[in-house]
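A closer look at the structure
Chain residues, written in single-letter form:
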Amino acid sequence: FDLPLAATLPLRFDPDTPVNVDLHTNAQSVGLFPLFFPNYVQKSHAQLNLDLKLTGTWQQPILQGDFHLLDAKAFLPAVGIQLDSIELQGKITDNHIEIVTLQCKSGKGELKGNGHLELQNWYPTNYHLQLKGKNFQLFNLPELQLNATPDLTIEGTGENIKVRGQLKLPYVKIYGQQKVGDITNSKDLKIVGSTLHPTEEKTLKYDIDVQLFLGKEVFLHAIGINARLGGDLRIQSTRAQKLVGHGKLYVIQG
């Protein structure tokens, strides 16, 4: 690497001086995913290959090269699923990241995809992702077991997301186990002498239009119902950012 750091004190990078960095690595890693997603991922393993080159200036760097994550696996405790054979391969050209290969397995099913991501000042500006799968296990919990066969197009920016396509649910089991909700503060609570000010959370605007199909093994055991369901729904978002469904659901047996 060649960085614009002058041999003077205090140390300072010259923002207009060229940068030249080459990075080539082939690494085996245990615990790579929990490092970046500590609340969502456990028991991970991966192999990471990088072939990157950084040029331009310190203030306006240009990153180019290839990356390949393969033979990876991870456990997601929140949904109870084990992801295996994870592979992510792509190319970086300045502010454009092309996802050539995206695939993984869960349960007896698999998920594949491709897409691209645009960056501005190292922050995502817009993205486009095409996802297809078959019998991919999304939930494996005592109260919910669900497999999905998606054919979805997902695109958007950091502030909004647009989803189109169809989602088939070949296998669903829902059990009516009630969970105790989190205890929250009362709305009339006032903290005397506090200098903290409430912060407004940014809400993600979504535009969803997805056709949902129920398969032959969709079971509901809750609220006094013990049934096998069927049918299909068109799930859409409204201007008020609510989801509504149009279609029919059948009690096939129960």
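I will try to describe carefully the structure that is included in this document. Starting from 1, residues in each chain are numbered consecutively following that chain's sequence as written. With pLDDT at 70 or above as the cut-off, local features in this predicted model cover only qualifying residues; side-chain atom pairs require 80 or more to be listed or tallied, and sums for whole chains, interfaces and linings still use all residues. Only heavy atoms go into the side-chain values, all of them from the structure, while hydrogens and water stay out.

**Here we look at the nonpolar core**
Selection rule: We define a nonpolar core as any set of buried Ala, Val, Leu, Ile, Met, Phe, Trp, Tyr and Cys residues linked to one another through side-chain atoms lying within 4.5 Å. Exposure categories follow from relative accessible area, calculated using a 1.4 Å probe and restricted to protein chains: below 20% of the type maximum is buried, above 50% is exposed, and the middle band is partly exposed. Helix and strand definitions follow DSSP, with helices as H or I runs of at least four residues and strands as E runs of at least two, each counted in order from the N terminus. Note on contacts: a residue pair qualifies if any of its non-hydrogen atoms lie within 4.5 Å across the two residues.
Membership of the largest hydrophobic core comes to 21 residues, with the highest contact counts inside it found for Phe33, Leu69, Ala72, Leu83, Ile86, Cys104 and Val163. Among the secondary structure elements, those contributing two or more residues to this core are helix 1 (32–36), strand 3 (61–76), strand 4 (81–93), strand 7 (123–134), strand 9 (144–156) and strand 11 (205–222). The residues touching Cys104, leaving out its near neighbours within four places in the chain, are Leu83, Asp84, Ser85, Ile86, Glu110, Leu111 and Phe136. Counting residues in hydrophobic clusters, the runner-up holds 13 residues, among them Leu169, Leu212, Leu214 and Ile235.

**Some points on a nonpolar patch on the surface**
Let me state the cut-off plainly: Only residues whose relative accessible area exceeds 30% and that form no salt bridge enter a patch; like-charged residues are grouped when within 9 Å of one another, and nonpolar side chains (Val, Leu, Ile, Met, Phe, Trp, Tyr) when within 5 Å. What sets the accessible areas is the Shrake-Rupley method with a 1.4 Å probe; for residues, cover comes only from the shown protein chains. For this document, the term salt bridge refers to a Lys or Arg side-chain nitrogen within 4 Å of an Asp or Glu carboxyl oxygen.
Residues Phe1, Leu3, Leu5, Leu9, Leu11, Phe13 and Trp58 make up a contiguous nonpolar surface patch of about 800 Å² in total accessible area. Within the secondary structure, Phe13 is located in the segment before strand 1 (21–30). A relative accessible area of 30% means that Phe13 is categorised as partly exposed.

**A closer look at unusual backbone geometry**
A cis amide bond links Leu9 with the next residue in sequence, Pro10, at an omega value of 0°. Positionally, Pro10 belongs in the segment before strand 1. Despite not being glycine, Asp71 shows a phi value in the positive range, around 50°. In this structure, Asp71 sits in strand 3. Judged by its relative accessible area of 53%, Asp71 is exposed. If you check the backbone angles, Ser85 has positive phi at about 50° while not being a glycine. A relative accessible area of 42% places Ser85 in the partly exposed class.

**Notes on the pattern of salt bridges**
Side chains bearing opposite charge may pair, as long as their charged atoms lie close to each other. Applying the stated criterion across every chain yields a total of five salt bridges. Taking the shortest distance from any N to any O, the salt bridge between Lys53 and Asp22 comes out at 3.4 Å. Of the two residues, Lys53 is situated in strand 2 (residues 42–56) and Asp22 in strand 1; the sequence distance between them amounts to 31 residues. For Lys53, a relative accessible area of 33% puts it in the partly exposed group.

**Considerations on the packing of aromatic side chains**
For clarity, the threshold we go by: Within 6.5 Å between ring centres, the rings of Phe, Tyr and Trp (the latter by its six-membered ring) count as paired, and their orientation is classed by plane angle as stacked under 30 degrees, edge-to-face over 60, tilted in between. Only lysine NZ and arginine CZ atoms are considered, and such an atom sits over a ring when it is within 6 Å of the ring centre and within 35 degrees of the ring normal.
Summed over all chains, the structure comprises one aromatic pair. Residues Phe13 and Trp58 carry aromatic rings whose centres are separated by 4.0 Å and whose planes lie at 0° to one another, so their mutual orientation is stacked. Here Phe13, found in the segment before strand 1, pairs with Trp58, found in the loop between strand 2 and strand 3; they are 45 residues apart in sequence, far enough to count as distant. Above the ring of Phe219, the side-chain terminus of Lys173 is found at 5.8 Å from the ring centroid.

Geometric descriptors of this kind do not, in isolation, establish any biological role.
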